[in-house]
Amino acid sequence: MKTLARVLAFCALTALLARNVYVELKPGMVVGIAAKLGFACAFTALWSLVCFSHRGGGSPGRRRGYFLALFAYYIWMLLNLLFFDAAFGRTAGTAGLNTQPLLTIHNYLRAYELGNISLKWVLVNLAGNLAAFAPMGFFLPALYPKQRNLFVFVPTVTVMVALVEALQYLTRTGSCDVDDLILNTTGAFAVWLVCLLPPFHGWVRRITAVKKKGF
(Lines give C-alpha, C1' and ligand atoms only; values in the text may rest on other atoms or scores of the structure.)
Protein backbone atom coordinates (compact mmCIF):
# COMPACT_ATOMS: atom_id res chain seq x y z
CA MET A 1 0.00 0.00 0.00
CA LYS A 2 2.82 2.39 0.87
CA THR A 3 4.55 1.61 -2.42
CA LEU A 4 1.36 2.41 -4.31
CA ALA A 5 1.00 5.67 -2.38
CA ARG A 6 4.57 6.66 -3.30
CA VAL A 7 4.01 5.84 -6.96
CA LEU A 8 0.80 7.86 -7.03
CA ALA A 9 2.49 10.73 -5.21
CA PHE A 10 5.37 10.70 -7.70
CA CYS A 11 2.97 10.74 -10.65
CA ALA A 12 1.03 13.59 -9.08
CA LEU A 13 4.29 15.44 -8.42
CA THR A 14 5.38 15.07 -12.04
CA ALA A 15 2.02 16.33 -13.28
CA LEU A 16 2.16 19.24 -10.84
CA LEU A 17 5.62 20.31 -12.01
CA ALA A 18 4.59 20.07 -15.66
CA ARG A 19 1.53 22.22 -14.97
CA ASN A 20 3.57 24.66 -12.89
CA VAL A 21 6.16 25.19 -15.63
CA TYR A 22 3.45 25.49 -18.29
CA VAL A 23 1.38 28.17 -16.57
CA GLU A 24 4.42 30.14 -15.42
CA LEU A 25 6.11 30.27 -18.83
CA LYS A 26 3.10 30.42 -21.16
CA PRO A 27 3.05 33.83 -22.89
CA GLY A 28 0.26 36.02 -21.59
CA MET A 29 -0.47 33.79 -18.59
CA VAL A 30 -0.47 35.64 -15.25
CA VAL A 31 -0.09 33.54 -12.09
CA GLY A 32 -0.97 35.38 -8.88
CA ILE A 33 0.82 35.12 -5.55
CA ALA A 34 -1.87 32.84 -4.07
CA ALA A 35 -1.48 30.39 -6.96
CA LYS A 36 2.30 30.42 -6.62
CA LEU A 37 2.03 29.61 -2.93
CA GLY A 38 -0.45 26.86 -3.77
CA PHE A 39 1.99 25.27 -6.21
CA ALA A 40 4.81 25.50 -3.64
CA CYS A 41 2.72 23.93 -0.85
CA ALA A 42 1.51 21.14 -3.13
CA PHE A 43 5.06 20.42 -4.30
CA THR A 44 6.33 20.27 -0.71
CA ALA A 45 3.51 17.96 0.40
CA LEU A 46 3.90 15.54 -2.50
CA TRP A 47 7.69 15.51 -2.32
CA SER A 48 7.49 14.81 1.43
CA LEU A 49 5.24 11.84 0.74
CA VAL A 50 7.61 10.50 -1.92
CA CYS A 51 10.68 10.81 0.31
CA PHE A 52 9.46 9.86 3.77
CA SER A 53 6.68 7.32 3.29
CA HIS A 54 8.97 4.26 3.51
CA ARG A 55 11.64 2.72 5.73
CA GLY A 56 14.88 4.65 5.69
CA GLY A 57 13.11 7.86 4.70
CA GLY A 58 14.70 9.69 7.61
CA SER A 59 18.29 8.74 6.77
CA PRO A 60 20.82 11.62 6.54
CA GLY A 61 21.33 11.13 2.80
CA ARG A 62 17.62 11.09 2.01
CA ARG A 63 17.01 14.05 4.30
CA ARG A 64 19.67 16.11 2.51
CA GLY A 65 18.33 15.02 -0.87
CA TYR A 66 14.87 16.12 0.21
CA PHE A 67 16.07 19.63 1.02
CA LEU A 68 18.23 19.82 -2.11
CA ALA A 69 15.10 19.21 -4.20
CA LEU A 70 13.20 21.88 -2.27
CA PHE A 71 16.11 24.26 -2.82
CA ALA A 72 16.11 23.52 -6.55
CA TYR A 73 12.37 24.19 -6.70
CA TYR A 74 12.85 27.47 -4.83
CA ILE A 75 15.59 28.51 -7.28
CA TRP A 76 13.28 27.77 -10.22
CA MET A 77 10.49 29.86 -8.67
CA LEU A 78 12.92 32.66 -7.84
CA LEU A 79 14.43 32.81 -11.33
CA ASN A 80 10.98 32.80 -12.86
CA LEU A 81 9.89 35.58 -10.53
CA LEU A 82 12.95 37.68 -11.30
CA PHE A 83 13.19 37.24 -15.07
CA PHE A 84 10.10 35.71 -16.70
CA ASP A 85 7.02 36.37 -14.56
CA ALA A 86 4.37 38.45 -16.34
CA ALA A 87 2.61 38.99 -12.99
CA PHE A 88 5.57 41.13 -11.93
CA GLY A 89 6.09 42.89 -15.23
CA ARG A 90 9.03 40.77 -16.38
CA THR A 91 8.71 41.69 -20.02
CA ALA A 92 11.25 43.45 -22.19
CA GLY A 93 11.08 47.16 -21.54
CA THR A 94 13.03 50.11 -20.25
CA ALA A 95 15.27 49.22 -17.31
CA GLY A 96 15.74 51.68 -14.45
CA LEU A 97 18.89 52.33 -12.43
CA ASN A 98 19.17 53.60 -8.86
CA THR A 99 22.49 53.80 -7.02
CA GLN A 100 21.31 56.00 -4.12
CA PRO A 101 20.69 53.89 -0.99
CA LEU A 102 17.17 54.07 0.54
CA LEU A 103 15.85 56.32 -2.23
CA THR A 104 13.36 53.80 -3.62
CA ILE A 105 12.23 52.77 -0.13
CA HIS A 106 11.65 56.42 0.77
CA ASN A 107 9.75 57.05 -2.46
CA TYR A 108 7.39 54.12 -1.86
CA LEU A 109 6.67 55.19 1.72
CA ARG A 110 6.22 58.82 0.67
CA ALA A 111 3.88 57.84 -2.18
CA TYR A 112 1.78 55.78 0.26
CA GLU A 113 1.69 58.67 2.74
CA LEU A 114 0.39 60.95 0.00
CA GLY A 115 -2.19 58.37 -1.08
CA ASN A 116 -0.68 57.84 -4.51
CA ILE A 117 -0.28 54.07 -4.12
CA SER A 118 -1.99 51.41 -2.03
CA LEU A 119 -0.53 49.62 0.98
CA LYS A 120 -0.70 46.37 -1.00
CA TRP A 121 1.65 47.76 -3.65
CA VAL A 122 4.07 48.97 -0.96
CA LEU A 123 4.11 45.54 0.67
CA VAL A 124 4.55 43.72 -2.64
CA ASN A 125 7.59 45.82 -3.48
CA LEU A 126 9.24 46.24 -0.07
CA ALA A 127 8.18 43.19 1.94
CA GLY A 128 8.36 41.15 -1.26
CA ASN A 129 12.00 42.08 -1.71
CA LEU A 130 12.71 41.12 1.88
CA ALA A 131 11.04 37.75 1.35
CA ALA A 132 12.45 36.90 -2.10
CA PHE A 133 15.91 35.84 -0.91
CA ALA A 134 14.95 35.05 2.70
CA PRO A 135 14.93 31.23 2.09
CA MET A 136 18.63 31.51 1.24
CA GLY A 137 19.18 32.13 4.95
CA PHE A 138 17.99 28.58 5.60
CA PHE A 139 18.95 26.59 2.52
CA LEU A 140 22.57 27.77 2.17
CA PRO A 141 23.70 27.01 5.76
CA ALA A 142 21.61 23.82 5.87
CA LEU A 143 23.05 22.36 2.67
CA TYR A 144 26.53 23.90 2.53
CA PRO A 145 28.36 23.98 5.90
CA LYS A 146 30.75 26.76 4.86
CA GLN A 147 27.71 29.06 4.60
CA ARG A 148 27.32 28.76 8.38
CA ASN A 149 30.13 31.27 8.64
CA LEU A 150 28.86 34.87 8.66
CA PHE A 151 31.83 36.08 6.62
CA VAL A 152 31.08 33.55 3.89
CA PHE A 153 27.29 33.77 3.87
CA VAL A 154 26.87 37.56 3.62
CA PRO A 155 29.31 38.01 0.69
CA THR A 156 27.74 35.02 -1.09
CA VAL A 157 24.22 36.43 -0.90
CA THR A 158 25.39 39.95 -1.71
CA VAL A 159 27.14 38.77 -4.88
CA MET A 160 24.12 36.66 -5.89
CA VAL A 161 21.73 39.60 -5.53
CA ALA A 162 24.13 41.99 -7.27
CA LEU A 163 24.37 39.61 -10.25
CA VAL A 164 20.57 39.38 -10.42
CA GLU A 165 20.24 43.17 -10.37
CA ALA A 166 22.84 43.52 -13.12
CA LEU A 167 21.18 40.85 -15.27
CA GLN A 168 17.75 42.42 -14.82
CA TYR A 169 19.18 45.71 -16.04
CA LEU A 170 21.01 44.15 -18.99
CA THR A 171 18.03 42.04 -20.07
CA ARG A 172 15.56 44.87 -19.36
CA THR A 173 13.38 42.64 -17.20
CA GLY A 174 13.64 44.89 -14.16
CA SER A 175 15.51 47.77 -12.60
CA CYS A 176 18.98 47.69 -11.11
CA ASP A 177 18.33 49.17 -7.68
CA VAL A 178 20.66 49.33 -4.70
CA ASP A 179 17.59 49.24 -2.43
CA ASP A 180 16.68 45.82 -3.84
CA LEU A 181 20.19 44.70 -2.92
CA ILE A 182 19.73 46.02 0.62
CA LEU A 183 16.29 44.44 1.10
CA ASN A 184 17.14 41.09 -0.51
CA THR A 185 20.32 40.71 1.54
CA THR A 186 18.62 41.85 4.75
CA GLY A 187 15.84 39.28 4.34
CA ALA A 188 18.33 36.45 3.83
CA PHE A 189 20.50 37.60 6.74
CA ALA A 190 17.48 37.81 9.08
CA VAL A 191 16.60 34.16 8.41
CA TRP A 192 20.27 33.19 8.81
CA LEU A 193 20.21 34.78 12.27
CA VAL A 194 17.01 32.93 13.18
CA CYS A 195 18.76 29.68 12.25
CA LEU A 196 21.27 30.39 15.03
CA LEU A 197 18.54 30.12 17.65
CA PRO A 198 17.50 26.87 19.35
CA PRO A 199 15.95 24.58 18.24
CA PHE A 200 16.61 25.73 14.65
CA HIS A 201 20.37 25.68 15.18
CA GLY A 202 20.60 21.94 15.81
CA TRP A 203 17.98 21.10 13.19
CA VAL A 204 19.82 23.01 10.45
CA ARG A 205 23.12 21.35 11.34
CA ARG A 206 21.61 17.87 11.13
CA ILE A 207 20.52 18.35 7.50
CA THR A 208 24.15 18.33 6.39
CA ALA A 209 26.24 17.12 9.32
CA VAL A 210 29.93 17.92 9.64
CA LYS A 211 32.47 16.47 12.06
CA LYS A 212 34.12 19.69 13.09
CA LYS A 213 32.43 22.14 15.40
CA GLY A 214 30.76 25.09 13.67
CA PHE A 215 27.50 26.97 13.13
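Residues numbered from 1 in each chain as written. Predicted model: local features only at pLDDT ≥ 70, side-chain atom pairs only at ≥ 80, totals over all residues. Heavy atoms only, no water.

Applying the stated criterion across every chain, the model contains two salt bridges. The salt bridge partner of Lys 36 is Glu 24, with a shortest N-O separation of 3.1 Å. Placement of the pair is Lys 36 in helix H2 (residues 33–52) and Glu 24 in helix H1 (residues 2–25), with a sequence separation of 12 residues. With respect to class, Lys 36 is no different from Glu 24; both count as buried. Linking Glu 113 and Arg 110 is a salt bridge whose minimum nitrogen-to-oxygen distance equals 3.3 Å. One end of the pair, Glu 113, and the other, Arg 110, are both in helix H4 (residues 103–113), three residues apart, so they sit about a helical turn from each other. Owing to a relative accessible area of 57%, Glu 113 belongs among the exposed residues under this scheme. (Salt bridge = Lys/Arg side-chain N within 4 Å of Asp/Glu carboxyl O. Helix = DSSP H or I, 4+ residues; strand = E, 2+ residues; numbered from the N terminus. Buried < 20%, exposed > 50% of the residue type's maximum accessible area, 1.4 Å probe, protein only.)

Of all hydrophobic cores here, the largest spans 38 residues; its most connected members are Trp 47, Phe 67, Phe 133, Met 136, Phe 138 and Phe 139. When contributions to this core are tallied by element, the ones reaching two or more residues are H1, H2, helix H3 (60–83), helix H6 (136–143), helix H7 (150–171), helix H8 (178–194) and helix H9 (200–207). For this core, the element with the highest residue contribution is H3, accounting for 10 residues. For Trp 47, the contacting residues outside a window of four places in its chain are Leu 13, Gly 65, Tyr 66, Ala 69 and Leu 70. Core analysis: the second largest hydrophobic core is formed by five residues, Ile 105, Tyr 108, Leu 126 and Leu 183 among them. (Core = buried A, V, L, I, M, F, W, Y, C linked by side-chain atoms within 4.5 Å. Contact = heavy atoms within 4.5 Å.)

Once that is clear, we can look at the packing of aromatic side chains. Under the definition given, this model contains 12 aromatic pairs. Pairwise contacts between aromatic rings join Tyr 66, Phe 67, Phe 71, Tyr 74, Phe 138, Phe 139 and Trp 203 into one cluster. Over the ring of Tyr 144 we find Arg 64; its NZ or CZ atom is 5.8 Å from the centre of that ring. (Phe/Tyr/Trp six-rings, centres within 6.5 Å; stacked < 30°, edge-to-face > 60°. Lys NZ or Arg CZ within 6 Å of the ring centre and 35° of its normal.)

To continue, consider H7. One turn of an α-helix holds 3.6 residues; hence residues three or four places apart share an orientation. With 22 residues, H7 extends 32 Å from end C-alpha to end C-alpha; this agrees with the ideal 32 Å at 1.5 Å per step. Two or three places before Phe 151, at the opening of H7, Asn 149 has a side-chain oxygen 2.8 Å from that residue's backbone nitrogen. Backbone geometry just downstream of H7 places Arg 172 in the positive-phi region, at approximately 60 degrees. (Expected span 1.5 Å × (residues − 1). Polar contact = N/O pair within 3.5 Å; in protein donor to acceptor, adjacent residues only side chain to side chain.)

Before going further, it helps to examine unusual backbone geometry. Cis geometry is found at the peptide bond from Pro 198 to Pro 199, where omega equals 0 degrees. Located in the positive-phi region is Leu 102, a residue other than glycine, with phi close to 70 degrees. Structurally, the position occupied by Leu 102 is in the loop between strand S1 (97–98) and H4.

We now examine the side chain of Arg 148. Of note, Arg 148 is situated in the loop between H6 and H7. Although Arg 148 lies buried, it forms no salt bridge, and the closest oppositely charged side chain, Glu 165, sits 26 Å away as judged by the N-O distance. At 2.7 Å, the side chain of Arg 148 and the backbone oxygen of Thr 208 are in polar contact. (Lys, Arg positive; Asp, Glu negative; His and termini not counted.)

A few words on the packing of H3 against H6. For the pair H3 and H6, interaxial distance at closest approach is 11 Å and the crossing angle is 140 degrees. In this structure, H3 crosses over H6, and the sense of that crossing is left-handed. When H3 is examined against H6, the residues Arg 64, Phe 67, Leu 68, Leu 70, Phe 71, Tyr 74, Ile 75 and Leu 78 are found in contact with a partner set consisting of Met 136, Phe 138, Phe 139, Leu 140 and Leu 143. For the contact of H3 with H6, the residue count by class is 12 nonpolar, no polar and one charged. (Axes fitted to C-alpha atoms, helices over the stretch in contact; angles between N-to-C directions. Left-handed = near helix turned anticlockwise from the far one by under 90°. Nonpolar A, V, L, I, M, F, W, Y, C, P; charged D, E, K, R; others polar.)

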